[in-house]
Amino acid sequence: MGEIRNLAGQPVYVCAPDGPSLADDRELSGLIGDLYGAGARIAAIPLARLGPDFLRLGSGVAGHVLQKLVNYRFQVAILGNVSAAVVKSEPLRDFVRESNRGTTVWFVDDLAALEAKLIAAG
């Protein structure tokens, strides 16, 4: 479960930091239902909820999770420090950089950084 928070005037569904991995298809579908039920178009997901393989791009977990959420027209913010993983993987570094340039998927340290990006995006 999660809660709705108003960030930069927008309802953001903030997933609880603890709970089953959202890399599991059933849990991910449950999140999509929660997003629709809450009327939120932005999902803030703690990195810890995405499982250990999320930042290993070759696993396909990030692609699966993000593609499913984006296909349902949700904006996604991954909350957590990814700097250690980015240093170890050039493809991940490029993915995070390009994602953060866009408006659909963002990697941010915390909710304050997400709010700052929402304000900057207008």
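In this text the structure is predicted, and so the values were computed from the model without any measurement.

1. Some words on the sheet that holds strand E5 (residues 105-108)
Pairing within the open sheet is mixed, and its five strands lie in the order E1-E2-E3-E4-E5. Unpaired on one side and paired on the other, strand E1 (2-7) and E5 mark the two borders of the sheet. Between one strand axis and the next, the sheet turns by 25° as a mean value, whatever way the strands run. Sheet analysis places strand E2 (residues 10-15) next to strand E3 (residues 42-46), joined by three bridges and oriented parallel. Within E3, the position partnered with Val12 by the bridge is Ile42.

2. Side note on the pattern of salt bridges
With the rule as written, the count across this model stands at six salt bridges. Of the charged contacts, one joins Asp25 and Lys68 as a salt bridge, the two residues approaching to 3.3 Å between their closest N and O atoms. Taken together, the residues span a long stretch of sequence, with Asp25 in helix H1 (residues 25-38) and Lys68 in helix H2 (residues 61-71) at a distance of 43 residues. Here Asp25 falls in the partly exposed class, since its relative accessible area comes to 38%. Among the salt bridges present, the one from Asp94 reaches Arg97, with a minimum N-O distance of 3.2 Å. Remark: Arg97 and Asp94 occur in helix H4 (residues 90-101); sequence separation between them is three residues, near one turn of the helix. Among the residues examined, Arg97 registers a relative accessible area of 36% and is labelled partly exposed. Each member of the salt-bridge network shares a partner with another, and the members are Asp94, Arg97, Glu98 and Arg101.

3. Observations concerning the pairing of E3
Look at any regular strand and the pattern is simple: side chains alternate between the two faces of the sheet. Within E3, five of the five residues are buried, leaving the element largely enclosed by the surrounding structure. In terms of handedness, the path from E2 via H1 over to E3 forms a crossover that is right-handed. When E3 meets strand E4 (residues 75-79), the two strands line up parallel, connected through five bridges. Paired with Ile45 across the strands is Ile78, a residue of E4. One crossover worth recording links E3 to the parallel E4 by way of H2, and it is right-handed.

4. Side note on the environment of Asp24
Of note, Asp24 is situated in the loop between E2 and H1. According to the relative accessible area criterion, Asp24 is partly exposed, its value standing at 36%. For the pair formed by Asp24 and Leu50, sequence separation is 26 residues and the distance between their alpha carbons is 8.6 Å. A polar contact of 3.1 Å, which involves the side chain of Asp24, links it to the backbone nitrogen of Glu27.

What counts and how
- All residue numbers refer to positions counted from 1 along the written sequence of the respective chain.
- Residues qualify for local features only when their pLDDT is at least 70, as the model is predicted, and side-chain atom pairs are given and counted only at 80 or more; totals for whole chains, interfaces and linings, by contrast, use all residues.
- By convention in this description, side-chain values take in all heavy atoms of the structure and omit both hydrogens and water.
- Between any two strands, pairing holds if DSSP finds at least two bridges.
- For helices the rule is a DSSP run of H or I covering at least 4 residues; for strands it is a run of E covering at least 2, with both sets numbered from the N terminus onward.
- To obtain an axis, a line is fitted to C-alpha atoms, over the contacting stretch when the element is a helix, and the angle between two such axes runs from 0 to 180 degrees between their N-to-C directions.
- Each salt bridge in this description consists of a side-chain nitrogen of Lys or Arg and a carboxyl oxygen of Asp or Glu lying within 4 Å of one another.
- Each residue's exposure class comes from its accessible area (1.4 Å probe, protein chains only) as a fraction of the maximum for that residue type: buried when under 20%, exposed when over 50%, partly exposed otherwise.
- By convention, a crossover is right-handed whenever its connection, traced from the first strand over the helix to the second and viewed with the strands pointing away, goes clockwise.
- Think of a polar contact as two N or O atoms within 3.5 Å of one another; within protein, one of them needs to be a possible hydrogen donor and the other a possible acceptor, and neighboring residues in sequence only count if both atoms come from side chains.

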